[in-house]
Amino acid sequence: MPIEKVYEPQRFEPHWAQWWIDSGIFRAAGRNSARTFSLVIPPPNVTGMLHIGHMLEHAEIDVTVRWHRMLGDNTLWLPGTDHAGIATQMVVERKLAEEGIDRRALGREGFEKRVWEWKAQYGDTIKRQMVRLGTSCDWTRERFTLDPGLSRAVREVFVRLYEKGLIYRGEYMVNWCPRCLTAISDLEVAHADVQGHLWHITYPVNGLKDRYVTVATTRPETMLGDTAVAVHPKDERYLDLHGRTVQLPLMDREIPIILDELADPAFATGVVKVTPAHDLNDFEAGRRHNLPKIQVIDETGKMTAAAGPYAGLDRFEARRMVVNDLKLRGNLVKIEDYPLSLGKCQRCKTPVEPLVSTQWFVKTKPLAEKAIEAVETGRIEFIPANWSKTYYEWMYNIRDWCISRQLWWGHRIPAWHCRECHEIVVARETPAVCSRCNSEELEQDPDVLDTWFSSALWPFSTLGWPDQTEDLAVFYPTSLLITGFDILFFWVARMIMMGLEFMGDVPFRHVYIHGLVRDAERQKMSKTRGNTIDPLEVTEKYGTDAVRMALLQGAAPGTDIVLTEERMVSSRDFANKIWNAARFLFLNTEGATVPESLEQFLPEPDPASLKVPIEDRWIFSRLNNCAEKVNRAIQQYRYHEAAQTLWHFIWHEFCDWYVELKKIRLRESAGPDAGRRNLLAAFETTLRLLHPAMPFLTEELWQRLVKGADRPASIAIAPYPQYRREATDFEAEHEVERVQEVVTMARMLRAESRLDPKQQLEGSLYSRGAGLEIARRHADAIARLANVSLEYRHGVAPKAPVLRSTAEFDVLLHVPKSQEEAQQKRVEKEREQLEKNIASIKRQLSDEVFLSKAPAHVVETIRRKLAEYESQLAKI
Ligand SMILES: [Zn+2]
Ligand SMILES: [Zn+2]
């Protein structure tokens, strides 16, 4: 069994990544089995490139999925991508612009063709990257939100909701991006705090000479579209104005003074302008009072004909002109600085314009009620639990969902407008004639659906719905969703609503919300900060396993993850440590084989002594303990704990102690005895425990280690080690702990005294209890591991310069004559230093002024320090 000297992950990672797929290891069975575990991927945008946040998400998912697969569950991780309407359209538009082509010149069909071409060329970037990183998806079930099957599901859902009255067309105030020329959802508006102004404008009251009202606005150009001013009905300052009208400056239009609670008596003068076409609250007030809507800003952000002399101007240019004209006419009485939260398009950063337009909506209240209940009754559990509060808050205040987008890339709305009778026909299949007048003059609605509409159906549309497929029966509801908090509303909440409505059941049982990846200074990673980590670059450099381990170690629930170069370096060292242990193993276990039953193995006795070697009993007991902790940690999504437990066990128990003890044992006996077989078995079990966290390294070593026709084809489908009560061996643990204690004490003494580790020393071990016999039994191991030959004595050690004590032992090293003097000097110096420290603290504690001023806890700390110094001095 030859093994290369150096750990070089680049040599074998791509091989296993491809092999796993080719041999169908990750393919789920399409039939019911005793236990099923299923999970759908949060579909990355088809325009996407893998970033470190994906890598964290995928590492966490992969650990859980691989764990379930090794538990023997029928396990499905369903992968796929999202067509990402606006994001993809913008990418392709930008590409066309480089060629000097405008999408409108291509026409809708021509443009869609170009997007599909783009997708064919670049759309599988993220898949290739995921495959390379070993994510254990079932690629035979890969889906894309615009697949024919998923598109059929989208139509079916649309039609059913429409027939149920839960989809309607309505005039509504939407957030409009004048650059993207589309409505965008509240959630896609990025708010920025900016320094704006509040302009105070006077409107003369008709019929009352010299009587004015003053309104205050942050967007003065919208006054051109005012159709009323409002005062609070109880505002005593304006009782005389009830029923009157004002004259709108610049436009010279007579508009009513209405009584509405929209007007807040405490804000500015208590009078507000009402512009139903350009503000959501005004829109609603307009509905209450039957006010006309005068649109003065158009879809492109320019002033309309209704803006009179300002028609054709850009909205911000119009603002300057309006302010100027008001000033000239004496209607502008005050301008004050005013901080405001400016809504911008998340995609292109253009200030959003609230506009009234006709859009398609989903009535969400009835859907939300069931979705709230599903979480309240515990049918869906959020982890960490506090995310359910955020969820409730949003769901209780949910507004109808505007689902139409003025884009070309996406699911076209399955509604047709009749040119003859203006009927709207909503249908699953493209209708030939109008259902009302039989006209053939039908035109499909030009809009597409919000990209989140199709992703809301993802957990069941990907499994074949609306057909009652076997996959749907086996894998729905899915077991778990792992995702980021930023799409809790966009996606998670909507999947819950749609799943309950169309499947009659929740889409998943558990939702684990992961944190963000941050840099060493705990800064968010961003391109503008220049602190991003490219996952493919670092996996090339350190190996995928090392980067995964570095991420997982920090992945505690409810916290962000700090990823640093140092952490990746030390994770590579960890992988290297395992590699070296494997080298030792391969060199020393020739002829020995791994036991056939991987599941039930207990250490076997040495044929010569008929006893199980103590170190084997110990490591199997420790392995059992490690298995218990890691299984529990993965089950509870405590990925950091799983990673840290494995790290500690492998590095500080398996490599530091077990391998070293084994070296001593193997020197004593040759041949394929149980000692060798136990070593192999312990290592093999360790690899299986580690596999979900570090899949490549473990597969590479396991394939070399485990032979035989009956074994599973891959470690990925070998059984995951489970805790067994009978495998705990307290006696062995206690015994090896005593050896560790003595060796550690001797090593520390040597280090403290700055003695050469290679120099063989002599000393004595004193013990008052049973530890003495145990230690004496392992005198040989202790002598070799600590490089010291000890005399074993009962009782308490005499005072000596190089001495260390625990409850059970005193270890005393005899320093060679040549070094005694240096030792003595070192002790002297230490004593002097301690005496100085003690004197200084005593001075401080007798200083009345200091004592009266210093806080109690500071004084307490100083007192404790004094006690510590004094006890050290006593020892010396
Ligand atoms: Zn935009
Ligand atoms: Zn018709």
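Residues numbered from 1 in each chain as written. Chains lettered and ligands numbered in written order. Predicted model: local features only at pLDDT ≥ 70, side-chain atom pairs only at ≥ 80, totals over all residues. Heavy atoms only, no water.

### Some details on the state of the cysteines
Here comes step 1: One pass over the full model with this rule turns up zero disulfides.
Here comes step 2: Free of any disulfide, Cys 655 has its nearest neighbouring cysteine sulfur in Cys 626, separated by 12 Å. (Disulfide = S-S within 2.5 Å.)

### Side note on the pairing of strand β23 (residues 508-514)
Here comes step 1: Most of β23 is tucked away: five of the seven residues are buried.
Here comes step 2: Where strand β15 (residues 381-383) lies against β23, three bridges are found, and the strand directions are parallel. Along β23, the bridge assignment pairs Ile 383 with Tyr 512.
Here comes step 3: Across six bridges, strand β22 (residues 478-484) lies against β23 in parallel orientation. In the sheet register, Ile 482 faces β23, and the bridge partner there is Tyr 512.
Here comes step 4: Handedness of the crossover is the feature at issue here: the chain leaves β22, passes through helix α14 (residues 488-503), returns alongside β23, and the resulting connection is right-handed. (Buried < 20%, exposed > 50% of the residue type's maximum accessible area, 1.4 Å probe, protein only. Helix = DSSP H or I, 4+ residues; strand = E, 2+ residues; numbered from the N terminus. Pairing = 2+ DSSP bridges. Right-handed = clockwise from strand over helix to strand, strands pointing away.)

### Describing the pattern of salt bridges
Here comes step 1: Enumeration over the complete set of coordinates arrives at 65 salt bridges.
Here comes step 2: When the shortest N-O distance is used, the salt bridge between Arg 379 and Asp 505 registers 3.9 Å. One end of the pair, Arg 379, is in the loop between α9 (365-376) and β15; the other, Asp 505, is in the loop between α14 and β23, and 126 residues separate them in sequence.
Here comes step 3: Classification of Arg 379 as partly exposed rests on a relative accessible area of 35%.
Here comes step 4: When its relative accessible area of 21% is taken as the criterion, Asp 505 is described as partly exposed.
Here comes step 5: With a closest N to O distance of 3.5 Å, Arg 784 and Asp 780 form a salt bridge. With Arg 784 and Asp 780 both in helix α24 (residues 779-786) and four residues apart, this pair spans about one turn of that helix.
Here comes step 6: If you follow the salt bridges from partner to partner, you end up with Glu 4, Glu 8, Arg 11, Glu 700 and Arg 704 in one network. (Salt bridge = Lys/Arg side-chain N within 4 Å of Asp/Glu carboxyl O.)

### Side note on the coordination of the zinc ion (ligand 1)
Here comes step 1: Surrounding the zinc ion (ligand 1) are the protein donor atoms Cys 177 (SG), Cys 180 (SG), Cys 345 (SG) and Cys 348 (SG), at 2.2 to 2.4 Å.
Here comes step 2: Seen from the zinc ion (ligand 1), its four donor atoms lie at angles of 103 to 115°, and the figure they make is tetrahedral.
Here comes step 3: Each donor residue of the zinc ion (ligand 1) belongs to the same chain, with the gaps between them written as C-x2-C-x164-C-x2-C. Of this pair, Cys 177 sits in strand β5 (residues 167-177) while Cys 345 is found in strand β13 (residues 332-345), placing the two residues 168 residues apart along the sequence. Judged on exposure class, the residue Cys 177 and its partner Cys 345 are both buried. (Donors = N, O, S within 2.8 Å, 3.2 Å for Na, K, Ca; no water. Tetrahedral: all angles 85-135°; square planar, octahedral: opposite > 155°, others 65-115°.)

### Regarding the sheet that holds strand β6 (residues 182-184)
Here comes step 1: Here we have four strands laid out as an open sheet, ordered β6-β5-β14-β16, and antiparallel in their pairing. Edge strands, defined here as strands with exactly one partner in the open sheet, are β6 and β16 (401-402).
Here comes step 2: In this structure, β5 lies alongside β6, joined through three bridges in antiparallel fashion. By the bridge assignment for β6, Trp 176 is matched with Ala 183.

### Points about the sheet that holds strand β29 (residues 809-814)
Here comes step 1: The strand order across the open sheet built from four strands is β27-β26-β29-β28, with neighbouring strands paired in mixed fashion. Where the open sheet ends on each side, the last strands, each with one partner, are β27 (788-794) and β28 (803-805). Pairwise comparison of adjacent strand axes, ignoring direction, gives a mean angle of 20° for this sheet.
Here comes step 2: In this sheet, β29 lies alongside β28 in antiparallel orientation, the contact comprising three bridges. Within β29, the position partnered with Leu 803 by the bridge is Leu 812.
Here comes step 3: Running over the sheet, helix α22 (residues 730-752) touches β26 (761-767), β27, β28 and β29 and is turned about 40° from β29. (Axes fitted to C-alpha atoms, helices over the stretch in contact; angles between N-to-C directions. Contact = heavy atoms within 4.5 Å.)

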